[in-house]
Amino acid sequence: MVYPGTVQEVQATVRWANKHLIPIYPISMGRNVGYGGTAPRVPGSVVVDLGRRMNRILDIDPENASCLLEPGVSYFALYEEIQRRGIPLWIDTPDVGGGSVLGNAIDRGVGYTPYGDHFANHCGMEIVLPSGELLRTGMGALPGKDGADNPTWQSFQPAYGPYTDGIFSQSNFGIVVRMGMWLMPEVGHQSYLITFPRDDDFSDIVEIIRPLAQQRVLGNIPQLRHVIQELATTARPRSDFYSGTGPMPREVIREHAAGLPVGDVAWVFYGTQYGDPGSISKQLDMIKAAFSRIPGSRFFLPSDLPESHYLHSRVSVCSGVPILRELDWLNWVPNAAHLFFNPIVPTRGWDARIVHDIIVRLHAKYGFDLLPTLCVAGREMHYIVNIVYDRSSVGEKRRAAALMREMIAEAAAEGFGEYRTHILFADMVAGTYNWGDNALMRFNETIKDALDPNGILAPGRNGIWPRRFRGKGWEIRGREVEEALDGKGIGPAS
Ligand code: EUG
C-alpha cells in the first residue's frame with residue numbers, strides 16, 4: 001500500500017511503477033461494496049490508497065453551487081462541511097453514504113435527488129496519466145489568470161474538442177486526483193411509497209412509471225422493490241422468518257409481510273417529489289391518479305408509517321443526507337457478503353418481464369433469495385439484484401459466482417448488459433459488449449496501450465488488459481471464478 005498525500009506523490013508513484021514494471025491499483029476510499037472493495041485484480045500490485053491523506057475539500061462555491069474534491073472526500077465529510085458552513089446546498093448521496101464522492105462518480109454510481117446521475121453532475125477533472133503527466137479536462141485546460149484555476153472549470157463540462165472525461169470513468173486510463181461536482185440548491189421535498197398487491201402487477205407498474213419519468217413528473221430516480229425487502233430492511237435475519245434452505249417461499253414472505261406496516265403486498269414504489277408545497281401537492285395528484293389504474297394500489301406518506309420503517313431512510317437519502325441504513329439487509333444471513341448484478345433494462349413492461357423472469361428462475365436454481373431493487377428512469381432502469389451469501393461457506397460462494405455467470409450470459413443472450421460489475425466478473429461483462437467483432441474492446445485496448453505502454457495502471461480493471469498481460473491467462477471468462485474461491489487466486493501462475 002502507498003498513501004500519497006499530494007498529486008506530486010501520485011505522480012512519483014506512477015513513475016516508480018513504470019521504472020520497475022510493478023502494477024499499481026488506485027482506490028479512493030475502497031468501499032466499493034458488492035463490486036470488489038479494495039482488491040486489485042493482479043496479485044502483487046501496489047494499492048495506491050488516495051483516500052487516507054488526499055481527503056481535502058478544495059473548494060465549495062456557493063454561487064456556482066459546486067465543489068472541488070480530492071478522492072478521499074466521503075459523502076459524510078462533504079455533507080458535514082456544507083452544514084458546518086451553513087450553505088443552503090444539497091449533496092447527492094447513494095444508498096450508502098460511506099464512500100468517496102469522486103470514486104462513486106467515476107464508477108458511474110447513482111443517487112436519489114434530482115442530481116442523482118453522479119457522472120452527469122461532475123464538472124472538470126485533474127488526472128495523473130499512466131506516464132506520470134498531469135492533465136486537466138474541460139475548462140480546466142485553459143489556464144486561469146496569473147496561474148489561478150480556470151474560473152469556469154466547475155461551470156461548463158465539455159469545453160472545446162473531444163469530451164475526454166468519459167474515458168476516465170470505469171477505466172484504467174488515468175488516476176483522477178481532483179474532480180468538480182455540482183451541488184443542488186435546497187428545496188422542499190416529500191417522500192412517499194405506493195404499494196401494489198400482485199407479483200404480476202410488475203409490467204403495469206413499469207408502464208405507468210415510463211411516461212411519468214419521461215415527462216419529469218417524477219422528481220428523482222424512484223426505487224421499485226419487492227416486498228421481501230420489507231422483511232430485509234427491518235435488519236432482522238432471514239432465520240427470524242424462515243428456517244428452511246433455498247429461497248424463502250412466496251407464502252412465507254406473504255405471511256410475514258402481512259404483519260408489517262405496508263402489509264401483504266407484492267411491490268413497493270419509493271418516490272420523492274420536490275418543490276414548494278403547492279407544486280408537490282399537484283405532482284402527487286398526477287402520480288396518484290396514474291398509479292390508481294392498478295387495482296388495490298395504496299399510497300403512504302412517512303407520517304402514515306412507524307419511525308422504524310424504511311421510508312424514513314428514503315427521506316434522508318432523497319434529500320441528500322448520507323446514511324448507512326441500506327446495509328441492514330446484510331444481517332439477512334450469517335457472515336454476510338454481497339454481490340450486485342445490475343442489468344440495464346428498457347423501461348418497458350415486456351422487456352422488464354424477460355429479464356425479471358431470467359433472474360427469478362436462476363435465483364431459484366441456485367437457491368438464493370431474490371432481493372430486487374429497480375432504479376427506474378424514463379428510458380431504462382438499473383435492475384439491481386443483491387446476492388447476499390455467507391462468506392464463510394465456500395459452497396455458497398461458488399453458487400453465488402455460478403449464479404452471476406449464468407445471469408450475465410442469459411441476459412446478454414436477450415440483449416441486456418450490466419452497467420457495472422464486481423472485479424471478478426469484469427472480463428465476462430466486458431466480453432458481452434462485443435458488437436462488431438469486439439470493436440469496443442479493441443478500441444479500449446488501443447487507448448490503453450497508447451497511454452500505458454508498460455501496463456502498470458490497474459491491469460484488468462473493467463476487463464481492459466494492457467498488452468503485457470493480454471491473452472496470457474489472466475482473463476476470467478468462465479468457471480475459473482468458482483475455482484479461484486478456494487483461495488489460490490487467479491492468473492497464469494495459479
Ligand atoms: C444499489 C444501487 C446501485 C448499485 C448498487 C446498489 C442499491 C441497492 C443504482 O446502482 O450499483 C439498494
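Notes on the structure in this doc start here. It should be emphasised that the depicted structure is a prediction, and the values quoted were computed from it without experimental measurement.

A short note on the packing of aromatic side chains
Then step 1. Applying the stated criterion to the full structure yields 12 aromatic pairs.
Then step 2. Ring centres 5.2 Å apart and planes at 45° place the aromatic pair Tyr35 and Phe340 in the tilted group. Here Tyr35 is found in the loop between β1 (24-27) and β2 (46-49), whereas its partner Phe340 is found in strand β14 (residues 336-341), with 305 residues between them in sequence.
Then step 3. A residue is classified by how much of its surface remains accessible, and Tyr35, at 7% relative accessible area, is buried.
Then step 4. An angle of 35° between the planes, with centres 6.1 Å apart, marks the rings of Phe241 and Trp332 as tilted. In this pair, Phe241 sits in the loop between α5 (228-232) and α6 (250-257) while Trp332 sits in the loop between α8 (311-317) and β14, placing the two residues 91 residues apart along the sequence.
Then step 5. Classification of Phe241 by relative accessible area gives buried; the value is 7%.
Then step 6. Given a relative accessible area of 3%, Trp332 falls into the buried group.
Then step 7. Three or more aromatic residues link up through ring pairs in this structure, and these residues are Tyr192, Phe196, Phe269, Phe291 and Phe299.
Then step 8. Residue placement shows Arg225 over the ring face of Tyr270; its charged tip is 6.0 Å from the ring centre.
Then step 9. Residue placement shows Lys288 over the ring face of Phe299; its charged tip is 4.4 Å from the ring centre.

Some words on a nonpolar patch on the surface
Then step 1. Side chains of Val33, Leu324 and Leu327 sit close together on the surface and give an oily, nonpolar patch of about 220 Å² of accessible area.
Then step 2. With respect to the helices and strands, Val33 occurs in the loop between β1 and β2.
Then step 3. Of the residues examined, Val33 reaches a relative accessible area of 41% and is grouped as partly exposed.

Let's talk about the sheet that holds strand β4 (residues 66-69)
Then step 1. Taken in spatial order, the five strands make up an open sheet running β3-β4-β8-β6-β7, and their pairing is antiparallel. Edge strands, defined here as strands with exactly one partner in the open sheet, are β3 (57-61) and β7 (134-136). Averaged over all pairs of adjacent strands, the angle between their axes in this sheet comes to 10°, without regard to strand direction.
Then step 2. Across three bridges, strand β6 (residues 122-128) lies against β7 in antiparallel orientation. Counted as the bridge partner of Glu126 is Arg136 from β7.
Then step 3. Packing of helix α2 (residues 75-85) onto the sheet brings it into contact with β3 and β4, and relative to β3 it is tilted by some 50°.

Re the pairing of strand β17 (residues 380-390)
A regular strand places its side chains on the two faces of the sheet in alternate fashion.
Then step 1. Burial analysis of β17 places 10 of its 11 residues in the buried class, which makes it a mostly covered element.
Then step 2. Bridging between β14 and β17 involves six bridges; their strand directions are antiparallel. Residue pairing across strands places Ala336 opposite Asp390, the latter belonging to β17.
Then step 3. Pairing analysis gives three bridges linking strand β15 (residues 344-346) to β17, with the strands arranged antiparallel. Looking across to β17, one finds that Ile344 is bridged to His382.
Then step 4. Hairpin geometry of strand β16 (residues 372-376) and β17 is characterised by an intervening segment of three residues between the two adjacent antiparallel strands.

Section: α6
Then step 1. Residues of α6 that are buried include every one of Arg250, Val252, Ile253 and Ala257, and no others. Relative to the axis of α6, the buried residues are bounded by an arc of 165° and lie together on one face. Exposed residues lying more than 90 degrees from the buried face of α6 are Glu251 and Glu255.
Then step 2. The secondary structure elements touched by the buried residues of α6 are β11 (223-226) and α5.

Some remarks on empty space enclosed by the protein
Then step 1. Under the definition given, this model contains one cavity of 30 Å³ or more.
Then step 2. What the largest cavity holds in volume is close to 80 Å³.
Then step 3. In this structure, the largest cavity is lined by Tyr75, Leu78, Trp90, Ile91, Asp92, Val101, Tyr115, His118, Met181, Trp182, Leu183 and Met184.
Then step 4. Sorting the residues of the lining of the largest cavity by element identifies α2 and β8 (175-182) as the ones contributing at least two each.
Then step 5. Of the residues that constitute the lining of the largest cavity, the class distribution is 10 nonpolar, one polar and one charged.

What counts as what
- Residue numbers restart at each chain and count upward from 1, following the sequence in its written direction.
- In keeping with the model being predicted, local features are shown solely for residues with a pLDDT of at least 70 and side-chain atom pairs are shown and tallied solely at 80 or more, while totals for entire chains, interfaces and linings include all residues.
- Side-chain calculation: all heavy atoms of the structure are included, whereas hydrogens and water are not.
- We call Phe, Tyr and Trp rings a pair once their centres come within 6.5 Å, taking the six-membered ring for Trp, and we label the pair stacked below 30 degrees between planes, edge-to-face above 60, and tilted otherwise.
- The numbering of helices and of strands both runs from the N terminus, where a helix is a DSSP run of H or I of at least 4 residues and a strand a run of E of at least 2.
- When accessible area is computed with a 1.4 Å probe and restricted to protein chains, residues below 20% of their type maximum are described as buried, those above 50% as exposed, and intermediate ones as partly exposed.
- Charges are assigned to positions over rings by a cutoff of 6 Å between ring centre and Lys NZ or Arg CZ, combined with an angular limit of 35 degrees from the ring normal.
- The patches reported here contain residues having more than 30% relative accessible area and no salt bridge. Joining distances are 9 Å for like charges and 5 Å for nonpolar side chains (Val, Leu, Ile, Met, Phe, Trp, Tyr).
- We get accessible surface area from the Shrake-Rupley algorithm with a probe of 1.4 Å; when it comes to residues, only the shown protein chains can shield them.
- A pair is scored as a salt bridge if a Lys or Arg side-chain nitrogen falls within 4 Å of a carboxyl oxygen belonging to Asp or Glu.
- Criterion used throughout: strands pair if DSSP finds at least two bridges between them.
- Lines fitted to C-alpha atoms define the axes here, with helix axes fitted over just the stretch in contact, and angles between the N-to-C directions of these axes take values from 0 to 180 degrees.
- Two residues qualify as a contact provided that any one of their heavy atoms is within 4.5 Å of a heavy atom in the partner residue.
- It is the directions from the helix axis to the C-beta atoms that the arc portrays.
- In this analysis the probe radius is 1.4 Å and the grid spacing 1 Å, with only protein atoms considered; a cavity is a set of points the probe fits into but cannot get out of, a pocket is an open set with protein on both sides within 12 Å along at least five of seven lines, and lining residues have an atom within 4 Å of a point.
- Grid points are joined across faces, edges and corners, and a volume is the space filled by probe spheres set on the points.
- Residues are grouped as follows: Ala, Val, Leu, Ile, Met, Phe, Trp, Tyr, Cys and Pro are nonpolar; Asp, Glu, Lys and Arg are charged; all remaining types, including Gly, are polar.

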